[in-house]
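Here is what each chain is made of, one letter per residue.
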Amino acid sequence: MPPDPAPTVRELLAFYLEAGVDCALTEAPVNRLADPDLIPAASEAAPQRPVSAAVPIPAPRSQTPPAPEAAIVSAREAARTAPTLEALRALLENFDGCALKSTATRLVFSDGNPKARVMFVGEAPGREEDIEGLPFVGRSGKLLDRMIAAIGLDRSSAYIANVIPWRPPGNRTPTPQETQICLPFVQRQIELVNPDVLVTLGNPSTQTLLSTREGIMKTRGRWFDYDTGTRVIRAIATFHPAYLLRSPSYKRMAWQDLRAIAKALGNPPSS
């Protein structure tokens, strides 16, 4: 079997960018344990080979994000200045404090009716959402559509978002730092939508927004108070549609939660 062809420079650069490599090193190794006085200056390092003009190097998509603590402060300050959802989206488009932005295809801000009485919030976008730029459009999104249709709702009468607006590489779990950086933006999003009912989908969004450490099995179906600072919104947790796809036996419990949501909105379903 002939060996696989060696990757091109463009392919290697794309791989490193996806892997999160954001700085270049010289060709000469540096012994950082040696006496600093013995380390050659940058001007004395081995000369680098010129890059061929035939292979253009893609420009970095964003600057290196600031330290997490500074990014969290910056996010809080930026989010509170947004007077509208459109302004908040524009702020996120230009926010470079979260490293997820550099690996995602596009921002996944929201879908649905910004004047809806009910708002659903998940954790983070997946592959399909990253491609289309809309939350819940994959398999779990189709199930969510069926779930809300069962209580007389659709995307024109509900508002849908995520705590994290950029897809983590490989659909990995967002880190606590990434969550804290993005949190002020989704909190401001909830304030601006100002729904009558807030629905958290799954354990991560429930624990993040409702400030609880209990698991979804204990929190689902329970009502919480979500305080925006100007108003207290009724909030309820239920299973994430992706979890229901893996564990369909819990759909009965999810249906109970949906009925409670419909009752709170004054539109109880018929059994």
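Use the structure listed above.
Residues numbered from 1 in each chain as written. Predicted model: local features only at pLDDT ≥ 70, side-chain atom pairs only at ≥ 80, totals over all residues. Heavy atoms only, no water.

Tracing the backbone shows T212 in the loop between α8 (203–210) and α9 (216–219). Under the relative-accessibility criterion, T212 is labelled buried at 9%. Within the structure, T212 has its side chain in polar contact with the backbone nitrogen of E214 (distance 3.2 Å). Apart from the residues lying within four places of it in its own chain, the contact partners of T212 are T206, Q207 and T219. (Helix = DSSP H or I, 4+ residues; strand = E, 2+ residues; numbered from the N terminus. Buried < 20%, exposed > 50% of the residue type's maximum accessible area, 1.4 Å probe, protein only. Polar contact = N/O pair within 3.5 Å; in protein donor to acceptor, adjacent residues only side chain to side chain. Contact = heavy atoms within 4.5 Å.)

With that out of the way, let us pick up the sheet that holds strand β5 (residues 223–227). Strand order in this open sheet of six strands is β1-β3-β2-β4-β6-β5, and the pairing throughout is mixed. What marks the edges here is a single partner per strand, and that holds for β1 (111–112) and β5. As paired strands, strand β2 (residues 118–122) and strand β3 (residues 159–162) are joined by four bridges and run parallel to one another. Considered in β3, the bridge of M119 is made with Y159. (Pairing = 2+ DSSP bridges.)

The full count for this structure, using the stated rule, is ten salt bridges. Between R155 and D145 there is a salt bridge, and its shortest N-O distance comes to 2.8 Å. You can see R155 sitting in the loop between α6 (139–149) and β3 and its partner D145 sitting in helix α6, a full ten residues away along the chain. Taking relative accessible area as the criterion, D145 reaches 31% and is therefore assigned partly exposed. A salt bridge links E191 to R188, with the shortest nitrogen-to-oxygen separation between them at 2.9 Å. Of this pair, E191 and R188 both sit in helix α7 (residues 176–193), three residues apart, which is roughly one turn of that helix. Judged by its relative accessible area of 32%, E191 is partly exposed. One salt-bridge network, held together by shared partners, links D111, D145 and R155. (Salt bridge = Lys/Arg side-chain N within 4 Å of Asp/Glu carboxyl O.)

Right, let's get into the packing of aromatic side chains. Two aromatic rings are characterised by how far apart their centres lie and by the angle between their planes. According to the stated counting rule, one finds four aromatic pairs in the structure shown. Between Y243 and Y250, the aromatic rings sit 5.6 Å apart at their centres with planes inclined by 35 degrees, giving tilted as the arrangement. Taking relative accessible area as the criterion, Y243 reaches 24% and is therefore assigned partly exposed. The positively charged end of R234 is found above the aromatic ring belonging to W223, 4.1 Å away from the centroid. (Phe/Tyr/Trp six-rings, centres within 6.5 Å; stacked < 30°, edge-to-face > 60°. Lys NZ or Arg CZ within 6 Å of the ring centre and 35° of its normal.)

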